[in-house]
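# Residue-level structural notes
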Amino acid sequence: GQNIDQPTEMTATEGAIVQINCTYQTSGFNGLFWYQQHAGEAPTFLSYNVLDGLEEKGRFSSFLSRSKGYSYLLLKELQMKDSASYLCAVRDNQGGKLIFGQGTELSVKP
Amino acid sequence: DSGVTQTPKHLITATGQRVTLRCSPRSGDLSVYWYQQSLDQGLQFLIQYYNGEERAKGNILERFSAQQFPDLHSELNLSSLELGDSALYFCASSAGQGGSPLHFGNGTRLTVT
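About the cut-offs
- Residues numbered from 1 in each chain as written.
- Chains lettered and ligands numbered in written order.
- Predicted model: local features only at pLDDT ≥ 70, side-chain atom pairs only at ≥ 80, totals over all residues.
- Heavy atoms only, no water.
- Phe/Tyr/Trp six-rings, centres within 6.5 Å; stacked < 30°, edge-to-face > 60°.
- Buried < 20%, exposed > 50% of the residue type's maximum accessible area, 1.4 Å probe, protein only.
- Salt bridge = Lys/Arg side-chain N within 4 Å of Asp/Glu carboxyl O.
- Helix = DSSP H or I, 4+ residues; strand = E, 2+ residues; numbered from the N terminus.
- Polar contact = N/O pair within 3.5 Å; in protein donor to acceptor, adjacent residues only side chain to side chain.

## As for the packing of aromatic side chains
Evaluation of the coordinates by the stated rule reveals 15 aromatic pairs over all chains. Geometrically, the ring pair formed by Phe 63 of chain A and Tyr 72 of chain A is stacked, given 5.0 Å between the ring centres and 15° between the ring planes. Tyr 72 of chain A gets classed as buried once you look at its relative accessible area, which sits at 17%. The structure contains a cluster of three or more aromatic residues connected by ring pairs, namely Phe 33, Tyr 35, Phe 45, Tyr 48 and Phe 100 of chain A together with Tyr 35, Phe 45, Phe 90 and Phe 104 of chain B.

## Looking at the pattern of salt bridges
Between side chains of opposite charge, a pair can form when the charged atoms approach closely. Residues and elements named next belong to chain A. Scanning the entire structure with this criterion turns up eight salt bridges over all chains. When the shortest N-O distance is used, the salt bridge between Asp 92 and Lys 97 registers 2.4 Å. As far as burial versus exposure is concerned, Asp 92 and Lys 97 are alike and both buried.

## Describing the environment of Arg 22 of chain B
Residues and elements named next belong to chain B. Among the secondary structure elements, Arg 22 is positioned in strand β3 (residues 19–24). By relative accessible area, which is 34% here, Arg 22 ends up partly exposed. Along the chain, Arg 22 and Leu 81 lie 59 residues apart, while their C-alpha atoms are 17 Å from each other. Polar contacts involving the side chain of Arg 22 include one to the side chain of His 73, which spans 3.3 Å.

Right under this line is the structure:
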C-alpha cells in the first residue's frame with residue numbers, strides 16, 4: 001500500500017521562503033509529483049522528481065531522497081497568490097496512477 | 001486551461017438517484033483517471049482507463065462504475081446516491097507513465113440532498 005504524510009497547515013510571510021515536507025512509504029515507486037490547488041479549483045502540476053536531488057523551476061524547487069522516502073517543495077519570494085493547498089503525490093509502478101497526500105494548506109500573510 | 005473537459009460543472013440531485021459525469025481527455029492522451037475529493041479530504045483515486053481498458057481500480061464503491069469509449073472520452077456513473085457521495089469529482093488525463101503528469105479537468109461538483 002501507499003502512505004503519504006505532509007503537514008496539514010503552514011503559514012508564511014509575503015516575500016519569505018517556505019519548505020513543505022512530504023514523506024512516503026510505498027510498495028512501488030515511479031516518481032513523485034507536486035501539485036498546487038486553489039480552493040474549489042483543479043490541481044495544477046508544479047514539479048516532478050524521479051531521481052535523487054533538486055529540481056528547480058523559477059520560484060519553485062523540489063527535492064527527492066528515495067532512500068529516505070522524503071521530498072520537499074521549496075517556494076521562494078512568496079506572493080499572496082501562493083496561498084493554496086500543495087499536494088504531494090507518488091506514482092506507483094502499476095498503471096501510472098498518482099496517490100495523493102492530504103495536502104498542505106499554505107497561508108501567505110502580508 | 002488543462003485541455004481536459006468535464007461536464008456538467010454542477011449537479012444537484014436527490015438520494016437514491018443516478019447520475020453520469022462526463023470527461024474528455026486532452027488530445028492525444030490515452031489514460032483517463034477519476035478522483036473524488038470530499039470536503040477537507042484529499043484526492044481519492046477511484047479508477048483508471050487506458051485506451052478503453054480498465055487499468056487500475058482504487059476504493060471505488062460498487063454503486064459506482066465507469067467506462068472509456070473508443071473516442072477516449074470517459075463517463076463515471078454514480079447510482080443509489082447517498083448524502084456522503086456529495087463531493088468534487090475530478091477527471092484527469094495523461095500521455096502515459098514515467099514523468100507524464102496528470103492534467104486535471106475543472107471538476108464536477110455533486111450535491112446530493
